[in-house]
Amino acid sequence: MAMEALGEDRCWRGFIARLHERSGGKAQVMSDLVAEAKTAAGLWHSNAGGPLPGARAAAVGLGRLTARDVDWTAVPERLTELVVGRMAALDEEPRRVVWAAAVLDEAATEDELTFAAGLSAEGGRAALTDALSEAVLNELGLGRYGFRVPMQAAAVHQLLPGPVRRQLHDCAAQALAARRPVPWVRLARQQLASGRIANWLQSVENAAREAIGEGDHPSAISLLEDTLAHPAVAPPDRARLAVLLAHTALKGLPSDQTVEVLRRVVDDPALPTAAPCRDPAQPRQAHAHGQAER
């Protein structure tokens, strides 16, 4: 379906896999997502604040679509109308549980949904039961709940008022910080969305070092590049992360790819002229979300 609409040469394997994942395998949702992708193809990278200058230029020039392009595709109107219609039958507390599920955007436990929604244990259980009864949420595994079609989370999320959304992300971050092991990448996303910049940067660094420790240098590099592309990163943090990025590239990439990464680092106009000399191999102290900002 996607290859017919967008062209086989443009649809990378990651794009197809993410398309199937976000649509929950539902044919109608997938069809609507492909239609949105066809309309917006080639526009995301220029409008959404991509990685460091030149990082994706080659891929964009070839018009190839990746998993990220699915993430940046607008929620189909048909799906939004479906979710809004189902939520209309819910009272305030069940609606808050649905909001929490949208913000977490993954299968979550009853306790996590209740905490993120700001409800008591009893109120959360009753609210979750109502949301399940109206088929707004589903049980996705033993004791874990969320949206059967993951894209529905985005449909709900886009309707949340800013202050409410930020508060929910803050609570969701606290819930994720309590998990063991800590899911640093997901935690970082929640912290960024809640405006906790210092905590976000610390979690990004923890996630990158964790990936490096597991030998997954490409994931660490991608995460660091995306972070350095964000305007909220202050010069001292930018310098520290740039050094970590450079060392990671030197250790984990073939020489030609290393040169490209280092060139993008050097070409970053926001990078301070002097970077810290601390050995990037030495880990910084990990901070959970609940700790104070630096």
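Each chain carries its own residue numbering, running from 1 in the written order of its sequence. Selection of residues for local features in this predicted model requires a pLDDT of at least 70, selection of side-chain atom pairs for listing and counting requires 80 or more, and totals for whole chains, interfaces and linings are taken over all residues. Side-chain metrics rest on all non-hydrogen atoms present in the structure, leaving aside hydrogens and water.

1. Some points on the pairing of strand β2 (residues 138-141)
Here is step 1: Between any two strands, at least two bridges found by DSSP are needed for them to pair. A run of DSSP states H or I qualifies as a helix once it reaches four residues; a run of E qualifies as a strand once it reaches two. Both are numbered from the N-terminal end. Judged from the 3 bridges that link them, β2 and strand β3 (residues 144-146) form a sheet pairing that is antiparallel. Opposite Asn138, over in β3, you have Gly146 as the bridge partner.
Here is step 2: Adjacent in sequence and paired antiparallel, β2 and β3 are bridged by 2 residues, among which Gly143 carries a positive phi angle near 75 degrees.

2. A look at the sheet that holds strand β1 (residues 108-109)
Here is step 1: As summarised here, the arrangement of the 3 strands in space is β1-β3-β2, forming an open sheet in which the pairing is antiparallel. Both edges of this open sheet fall to β1 and β2, since each of them pairs with a single strand only.
Here is step 2: For β1 and β3, the ladder comprises 2 bridges, and the chain directions are antiparallel. Its bridge partner lying in β3, Ala108 is registered against Tyr145.

3. Notes on the nonpolar core
Here is step 1: Nonpolar core, defined: a set of buried Ala, Val, Leu, Ile, Met, Phe, Trp, Tyr and Cys residues in which side-chain atoms within 4.5 Å join the residues together. Relative accessible area decides the class of each residue, using a 1.4 Å probe on protein chains only: under 20% of the type maximum gives buried, over 50% gives exposed, and in between gives partly exposed. Formed by 66 residues in total, the largest nonpolar core has its most connected members in Met87, Val97, Val98, Leu113, Leu137, Phe147 and Val156.
Here is step 2: The element best represented in this core is helix α8 (residues 92-104), accounting for 8 residues.
Here is step 3: Sequence-distant contacts of Met87, that is, excluding residues within four places in its chain, are made with Arg95, Val98, Trp99, Val136 and Val156. Contacts: residue pairs with any heavy atoms within 4.5 Å of one another.

4. Remarks on unusual backbone geometry
Here is step 1: Omega for the peptide link from Arg180 to Pro181 comes to 0 degrees, which places this bond in the cis form.
Here is step 2: Here Pro181 shows up in the loop between α12 (162-177) and α13 (184-193).
Here is step 3: Notably, Asp105 is not glycine yet its phi reads approximately 55 degrees, a positive angle.
Here is step 4: If you trace the backbone, Asp105 turns up in the loop between α8 and β1.

5. A word on the side chain of Arg22
Here is step 1: Take Arg22: it is sitting in helix α2 (residues 13-23).
Here is step 2: For Arg22, a relative accessible area of 12% puts it in the buried group.
Here is step 3: Apart from residues lying up to four places away in sequence, Arg22 is in contact with Leu33, Val70, Asp71, Asp105, Val149, Pro150, Met151 and Ala154.

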